[in-house]
Every structure is written in C-alpha cells, then in structure tokens.
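Coordinate inspection notes
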Amino acid sequence: MSNKTKWLASVQSLEEAQNLNDCLPDILDMKQPSHGALGALPLDVVEDIVNWASGRCLTSATIGDLPMQLEAIEPAIMKMAGTGVDYVKIGLFGGDEQAACLHALTPVIQKLNTPVIAVLFADRDYETDVITQVLKAGFSGVMIDTAEKNGRSLLDLWSVDALTEFVNTVKNAQSLCGLAGALRIEDIASLRELQPDYLGFRSALCPDRKRNESLSVTLAKTVASALD
Ligand SMILES: O=C[C@H](O)COP(=O)(O)O
C-alpha cells in the first residue's frame, strides 16, 4: 500500500459522477445522502455509474443504514456486489447484535470476490475490541465516519491521538484504512500526516456543505489539489 493518501468522493447520481470527469477521485463512492449516513442508491443507478467509471477510477457503494442482522445485511451485500462495484461498504452501527452479526457475516465476506469495507462511526459506541472483531471477520478495509450528519466532523469527535491509533491498527493489519465524516478542506493537511489510505468527502464537495444537494466541481478540484 502506498503512503500517498488518496481520496474518495460520494456521488448520488450518474450526472454527478460525470461532472467530476476532470477531477475524478481515486474512488467514486455511491450513496444516497438523503437516506442516511450510508444511504443506498438503487442498484440500476449503481450499475450505470460502475459502467461509466470503468477504466477511469475505482468505485464503492454503500448498502444502506441497515440493522445489524445477517438477514438484512447478507442479501444487501450480495446484490450490491452483483453490480460490479469494486468495493461494497457496510455500516456497523453498534448495539447488542453487532458482534454476533459480524461472526455470522464472516463466511459471507470471506467467500465473496468483491472486497467489503466496514464503516465504523465516531459518534457510536462499540465494544473495546471492535476493530479486532472487524479485522478478524475478513473485511478488506475499515473506515471511520460519522453517523449523524449534523455538522459535527470526525475531528470534533475523535482526538488526533485516537485517529492515529485507529490508522496504525488498521494499516498494521494490512487492511485499507479510510477517514471520513464531514471532513473540511482545511482538515486535509493534518489528516494526511496520519497517512490513512483514503480520506472520504461529501459535505466538503457541496456548496455550503449541504450534502444532500449537488456536488460542486470547483470544490472537488480544491480537494483534489489539496491532496496532490
Ligand atoms: O464516505 C464518505 C462520506 O460520504 C462522507 O460524507 P460527509 O463528508 O458528508 O460526512
């Protein structure tokens, strides 16, 4: 894994993806921001974006803010993987059922050809060994994001020391590591120093940080050049 921090931009439509053609991120991430932190786009929209992005950049897609139950998550992963996306992202929202759900998901994730990324949330509570549980379950990467899109950013919720420990733990396990959560353009310089594999953006790419509205190409170019 290279030391250069790459970036991920969450898009909600083919049109938004195409608008980024001159400043494509390393990963075009597909989600429906108005449906929650990891709101899912319809499968046909994901397929259209995957087909368009092919050969241009990698893609990822979220499966929705689902309960921590195998019967909800397994079919959603399988359907999203069927779109041909490069990575499927699933949110781990915590709670009593999560550890059992991760255990039950392990064989599903391990036999799937599409890598699955686990997303933890800085504003959710977890068992202390949650990262160990996630790494054992066979995920190809771990991201930290924010569940409540209320303006509080990752850096409002976690200290730089906590983020450093997270990045080092995930990268030492040879797993991809991503940081997201209402990141601001001015956070990029300090977050890059932690050397995560990816920084993820949606709010920072939208005028007035209104993440449910359309992406601004100008803001995307600013993020891209801050990471260059
Ligand atoms: O995966 C990255 C997210 O889409 C970040 O969204 P956000 O910047 O609005 O928190």
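On a predicted model such as this, the values are computed, not experimentally measured, just so you know.

Our next topic: the overall build of the chain. Scanning the chain from N- to C-terminus turns up 9 helices and 8 strands. Relative to the globule expectation of 17 Å for 228 residues, the C-alpha radius of gyration of the chain, 16 Å, shows essentially globular dimensions. Reported as C-alpha extents along the three principal axes, the dimensions of the chain are approximately 45 × 40 × 35 Å. A fraction of 67% describes how many contacts in the chain between residues 6 or more apart in sequence connect residues 24 or more apart.

This part takes up the sheet that holds strand S7 (residues 176-179). Strands pair in a sheet through their backbones, by hydrogen bonds, and they do so in one of two ways: parallel or antiparallel. Read once around its circumference, the closed barrel built from 8 strands follows the order S1-S2-S3-S4-S5-S6-S7-S8, with strand pairing classed as parallel. Put simply, the sheet's adjacent strands are angled 25 degrees from each other on average, direction ignored. Pairing of strand S3 (residues 58-62) with strand S4 (residues 87-91), which is carried by 3 bridges, proceeds in the parallel orientation. Bridging across to S4, Ser-60 finds its partner in Tyr-87. With respect to the sheet, helix H7 (residues 160-172) is in contact with strand S5 (116-121), strand S6 (141-145) and S7, its orientation differing from that of S7 by roughly 155 degrees.

With that out of the way, let us pick up the pattern of salt bridges. In total, this model carries 5 salt bridges according to the counting rule given. Its salt-bridge partner being Lys-149, residue Asp-145 comes within 2.7 Å of it at the nearest N-O pair. For Asp-145, a relative accessible area of 3% gives the class buried. Members of the salt-bridge network, linked through shared partners, are Asp-29, Lys-31 and Lys-89.

For the rest of this paragraph, the subject is the nonpolar core. Residues Ile-90, Phe-166, Leu-179 and Phe-201 are the most contacted members of the largest nonpolar core, which totals 64 residues. If near-sequence neighbours (up to four positions away) are discounted, Leu-179 is found in contact with Met-143, Ile-144, Leu-154, Leu-163, Phe-166, Val-167, Leu-191, Leu-194, Pro-196, Tyr-198, Leu-199 and Gly-200. Core analysis: the next-biggest nonpolar cluster, separate from the first, contains 14 residues, Leu-8, Ala-37, Phe-93 and Phe-121 among them.

Assignment of secondary structure puts Phe-121 in strand S5. A residue is classified by how much of its surface remains accessible, and Phe-121, at 0% relative accessible area, is buried. Dropping the residues within four chain positions of it, Phe-121 is found in contact with Ala-37, Leu-38, Gly-91, Leu-92, Phe-93, Tyr-126, Ile-144, Asp-145, Thr-146 and Ala-147.

Let's shift gears to the site of the ligand. Within the structure, the ligand sits among 14 residues, and Ser-10, Lys-149, Ala-182, Ser-203 and Arg-211 are positioned closest to it. The contact in question runs from an oxygen atom of the ligand to an N or O atom on the side chain of Lys-31, over 2.7 Å. Protein contacts shield 100% of the accessible area of the ligand, which totals 310 Å² for the unbound molecule. Of the residues in the shell around the ligand, the class split is 4 nonpolar, 3 polar and 7 charged.

Quick look at the pairing of S5 now. Across the 6 residues of S5, 6 count as buried, placing the element largely inside the fold. Side chains of S5 alternate between two faces, with Val-116, Ala-118 and Leu-120 and Ile-117, Val-119 and Phe-121 buried alike. Sheet topology places S4 next to S5; 4 bridges connect them, and they run parallel. Pairing of Gly-91 across the sheet is with Val-119, part of S5. The parallel pair S4 and S5, bridged by helix H4 (residues 98-111), forms a crossover whose chirality is right-handed. Both S5 and S6 contribute to a ladder of 5 bridges, which runs parallel. Residue Phe-121 lies in a different strand from S6, and its bridge partner there is Asp-145.

Rules used in this analysis
- Residues numbered from 1 in each chain as written.
- Predicted model: local features only at pLDDT ≥ 70, side-chain atom pairs only at ≥ 80, totals over all residues.
- Heavy atoms only, no water.
- Helix = DSSP H or I, 4+ residues; strand = E, 2+ residues; numbered from the N terminus.
- Rg over C-alpha atoms; globule rule 2.2 N^0.38 Å.
- Contact = heavy atoms within 4.5 Å.
- Pairing = 2+ DSSP bridges.
- Axes fitted to C-alpha atoms, helices over the stretch in contact; angles between N-to-C directions.
- Salt bridge = Lys/Arg side-chain N within 4 Å of Asp/Glu carboxyl O.
- Buried < 20%, exposed > 50% of the residue type's maximum accessible area, 1.4 Å probe, protein only.
- Core = buried A, V, L, I, M, F, W, Y, C linked by side-chain atoms within 4.5 Å.
- Near = heavy atom within 4 Å.
- Polar contact = N/O pair within 3.5 Å; in protein donor to acceptor, adjacent residues only side chain to side chain.
- Areas by Shrake-Rupley, 256 points an atom, 1.4 Å probe, with all protein chains shown as cover.
- Nonpolar A, V, L, I, M, F, W, Y, C, P; charged D, E, K, R; others polar.
- Right-handed = clockwise from strand over helix to strand, strands pointing away.

As far as function goes, none of this settles anything; it's purely spatial.
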